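What the coordinates show
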Amino acid sequence: MNIKSILRRCFPDHKYLAAAAFISLMLGSMPLHSDRIAVIGDSWAKRIVGPLREVLAENGHPDVTVALALNECCARDLTYLNQLNAITAYLNAHPDTNIVHLSIGGNDLLRTWWAPDIGTPAEAQLFASIVDWAEIVVDHIHSVRPDIEIMWSSYDYFRPKDQGTPTQLNAAQIQIAEMAAQLAENKPGLSYVNLHGTLQVRYGFDGVMHTEFDPPYPIPPGDPSLPDATLPSPQEAFGQDAGAPPGVIDPLHPHWDAYKVVGQVQYD
């Protein structure tokens, strides 16, 4: 029986909402069952550490350490012995780690997938391999620390890239997410967080066609038409591309505040 069922049995209808709000407030003020969140993965892993730390503090958990354990990793690379040994060494050196946050698979996709691969055995094999590599990493972490909770997180939709249209690239990400969610459903100690469309819903679209794929009309944040897998994430959520001329947007990495939006979803 879940908490909602217990409250409904214990409180009359007119007092149920008040009781639920009180319980939620109490739970929100309790410390997480983790002293350290170890973040492992790629450039999104590196960029989420600070924003996620802020999100935790703002939600009443300032003492939880969020630390980057391994960075700039493809999922495949993490299955190599030296990387698995590095994970083991980190977990042994930090026994207070109770949660591992994985941000992996994006590099494998972006370095290998192209629109002409759609529907081919090569595409299917790539998607299956990404999930298989992630499972190897998950199993290794649990072999070192069976009690650790692992959260594998997707990426949000990117800005337009030359690998294919947003519709095509988003569809590829969605397929991987569906396979990853199925893995998590069948593997104790693993959860999967699907972020697709998070930034669309939070920021909406300003109606300016920054690229040919942006909607030519404004869509307000939270509009019922969002998220829309035929659209990229909004430009407003992305920052300056490092080393590029002024105004050139990094199509892969949101800015700090947008990562906080992502971090809040992960926290929730």
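Before reading further, recall that the structure is shown in the block above.
Residues numbered from 1 in each chain as written. Predicted model: local features only at pLDDT ≥ 70, side-chain atom pairs only at ≥ 80, totals over all residues. Heavy atoms only, no water.

1. Section: the sheet that holds strand β4 (residues 149-153)
Heads up, the rule is: Only strands that DSSP links by at least two bridges are regarded as paired with each other. A helix here means a DSSP run of H or I that spans at least four residues, while a strand means a run of E at least two residues long, and both kinds are numbered starting from the N terminus. Comment: axis = line fitted to C-alpha atoms, over the contacting stretch for helices; angle = value between 0 and 180 degrees taken between N-to-C directions. Whether two residues are in contact is decided by their heavy atoms, any of which lying within 4.5 Å being enough.
If you walk across this open sheet you meet the five strands as β2-β1-β3-β4-β5, and the pairing is parallel. Either end of the sheet is taken by a strand with one partner, and the two such strands are β2 (65-70) and β5 (190-193). Recorded for the sheet is a direction-independent mean angle of 25° between the axes of neighbouring strands. Contacts from helix α7 (residues 121-144) reach β3 (97-103), β4 and β5, with the element oriented near 160° to β4.

2. Quick word on the state of the cysteines
The following threshold applies: Any cysteine sulfur atom paired with another within 2.5 Å is treated as part of a disulfide. Only protein chains enter the accessibility calculation, which uses a 1.4 Å probe; a residue whose area is less than 20% of its type maximum is buried, one above 50% is exposed, and one in between is partly exposed.
Counting across every chain of the model gives zero disulfides. As a non-bridged cysteine, Cys73 has Cys74 as the owner of its nearest cysteine sulfur, 8.0 Å distant. Note on Cys73: relative accessible area 2%, which makes it buried.

3. Focus on the packing of aromatic side chains
Geometry of an aromatic ring pair is reported as the spacing of the ring centres plus the angle between the planes. Let me state the cut-off plainly: Stacked, tilted and edge-to-face are the three classes assigned to paired rings of Phe, Tyr and Trp, where Trp is represented by its six-membered ring and a pair needs centres within 6.5 Å; plane angles under 30 degrees give stacked, over 60 edge-to-face, the rest tilted. Two conditions define a charge located above a ring, namely a distance within 6 Å from the ring centre to NZ of Lys or CZ of Arg, and an angle within 35 degrees of the ring normal.
The final tally for this structure, using the stated rule, is five aromatic pairs. Their ring planes at 80° and their centres at 5.0 Å tell us that Trp44 and Tyr259 sit as a pair that is edge-to-face. With Trp44 in helix α3 (residues 43-58) and Tyr259 in helix α10 (residues 256-267), this pair connects stretches of sequence that are 215 residues apart. Side by side, Trp44 and Tyr259 carry an identical accessibility label, which is buried. When the centroid spacing of 6.2 Å and the interplanar angle of 45° are considered together, the rings of Tyr155 and Phe158 count as tilted. We note that Tyr155, like Phe158, is buried. Every member of this aromatic cluster is reached through a ring pair, and the members are Trp44, Tyr155, Phe158 and Tyr259. Directly above the ring of Tyr203 sits Arg202, whose terminal nitrogen or CZ lies 4.9 Å from the centroid.

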